[in-house]
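Examination of the molecular architecture
Listed here are the chains, written in short residue letters.
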Amino acid sequence: EAHYDTVSAFIKSMRGSDPDAALYSLAVMLTAGEDIRFIARRIVICASEDVGNADPMALVIANSAAQAVMQIGLPEARIILAQAASYVACAPKSNAAYLGIDAAIRDVKEGDNAPVPHAMRNPSFRDAKKLGYGEGYKYPHDYPGGWVEQDYLPKEMEGSVYYSPKDIGYEARFKERLDYIRAQRNKARNKK
């Protein structure tokens, strides 16, 4: 039971932006002989699930730490784990990507899995163009700002929003850009 309680405290400390508590839990796990690969995996998961795009470097650092602890081993791996855990604990937090994929999976499982629009289909196989695959696709890089209005989702899914970035850390930039793009998309749809 102590194993699961300590791991839970470790993750919750990183999620709760308390690097001191995270390092204490890490010390408890290391002293108890916990597998450093297990600890590293928990840091990687937290970096994606709890930090997400608020600080995309958290996942890079956590993943690098996971690889490094395998190359270095103990006792020095403790330093690598401490660096990654404290970074994740101090990083701004967002679970928007986590919530978004779960919502999209829920929709697909509930039957909202309409066919891919023809413009988005891969036209590279024989007879694909005869079937209209890829027809009407607009290459975004050919347009100002690298964006052009077109339907990427099936008609039945139009207007679905899965990724709602938070106004924190790096994700605030995503939110600003997506707010602009979604407003432009709504204007174009209202003209139709």
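In case you missed it, the structure is sitting above this.
Summarised in this report is the structure supplied together with it. Treat the numbers as computed from the prediction; the structure is a model and nothing was measured.

What follows covers the packing of aromatic side chains. Per the counting criterion, the structure on display carries two aromatic pairs. Aromatic pair Phe125 and Tyr133: ring centres 5.5 Å apart, planes at 80°, arrangement edge-to-face. Pairing Tyr170 with Phe174 gives two aromatic rings, centres 5.2 Å apart and planes at 85°, and the pair type is edge-to-face. Looking at Tyr170, the relative accessible area reads 35%, which means it is partly exposed. Looking at Phe174, the relative accessible area reads 29%, which means it is partly exposed.

With 30 residues, the main nonpolar core has Phe10, Met14, Ile39, Ile43, Val69, Leu81 and Val88 as its most contacted residues. At the level of elements, α1 (2-15), α2 (19-31), α3 (36-51), α4 (57-72) and α5 (77-90) are the ones that each hand at least two residues to this core. For this core, the leading source of residues is α3, giving nine residues. Excluding residues that lie within four positions of it along the chain, Ile39 makes contacts with Phe10, Leu26, Met29, Leu30, Glu34 and Leu81.

Let's shift gears to the environment of Arg37. Among the secondary structure elements, Arg37 is positioned in helix α3. For Arg37, a relative accessible area of 42% corresponds to the partly exposed category. For the pair Arg37 and Asn95, spaced 58 residues apart in the sequence, the C-alpha separation amounts to 24 Å.

This part covers the packing of α4 against α5. Interhelical geometry of α4 versus α5 gives an angle of 170° and a closest axis separation of 9 Å. By the angle between their axes, α4 is roughly antiparallel relative to α5. Residues Met57, Ala58, Ile61, Ala62, Ala65, Ala68, Val69 and Ile72 of α4 form the contact with α5, whose participating residues are Ala77, Ile80, Leu81, Ala84, Tyr87 and Val88. Split by residue class, the contact of α4 with α5 holds 14 nonpolar, no polar and no charged.

All told, the structure shown has seven salt bridges when counted by the stated rule. Glu149 is the partner of Arg185 in a salt bridge, and the nearest nitrogen-oxygen pair spans 3.5 Å. Taken together, the positions of Arg185 in helix α7 (residues 171-191) and Glu149 in the loop between α6 (96-109) and α7 put the pair 36 residues apart, joining distant regions of the chain. Each of the two residues, Arg185 as well as Glu149, counts as buried. When the shortest N-O distance is used, the salt bridge between Asp179 and Lys175 registers 3.0 Å. Of this pair, Asp179 and Lys175 both sit in helix α7, separated by four residues, roughly a single helical turn. Taking the relative accessible area as the measure of exposure, Asp179 reaches 40% and is therefore partly exposed. The partly exposed category is assigned to Lys175, whose relative accessible area is 26%. Counted as one network, the salt bridges with shared partners bring together Arg15, Glu49 and Asp50.

Here we come to the packing of α3 against α5. Packed helices, taken two at a time, are described by the angle their axes make and the gap between the axes. With their axes 10 Å apart at the nearest point, α3 and α5 run at an angle of 15° to one another. Here α3 is positioned roughly parallel relative to α5, judged by the angle of their axes. In this structure, α3 meets α5 at a crossing whose hand is left-handed. Across from Ile36, Ile39, Ala40, Ile43, Cys46, Ala47 and Val51 in α3, the residues of α5 making contact are Ala77, Leu81, Ala84, Ala85 and Val88. Residue composition of the contact of α3 with α5, by class: twelve nonpolar, no polar and no charged.

Here is what the cut-offs are and how they apply
- Residues numbered from 1 in each chain as written.
- Predicted model: local features only at pLDDT ≥ 70, side-chain atom pairs only at ≥ 80, totals over all residues.
- Heavy atoms only, no water.
- Phe/Tyr/Trp six-rings, centres within 6.5 Å; stacked < 30°, edge-to-face > 60°.
- Buried < 20%, exposed > 50% of the residue type's maximum accessible area, 1.4 Å probe, protein only.
- Core = buried A, V, L, I, M, F, W, Y, C linked by side-chain atoms within 4.5 Å.
- Helix = DSSP H or I, 4+ residues; strand = E, 2+ residues; numbered from the N terminus.
- Contact = heavy atoms within 4.5 Å.
- Axes fitted to C-alpha atoms, helices over the stretch in contact; angles between N-to-C directions.
- Parallel < 35°, antiparallel > 145°, perpendicular 65-115°, else oblique.
- Nonpolar A, V, L, I, M, F, W, Y, C, P; charged D, E, K, R; others polar.
- Salt bridge = Lys/Arg side-chain N within 4 Å of Asp/Glu carboxyl O.
- Left-handed = near helix turned anticlockwise from the far one by under 90°.

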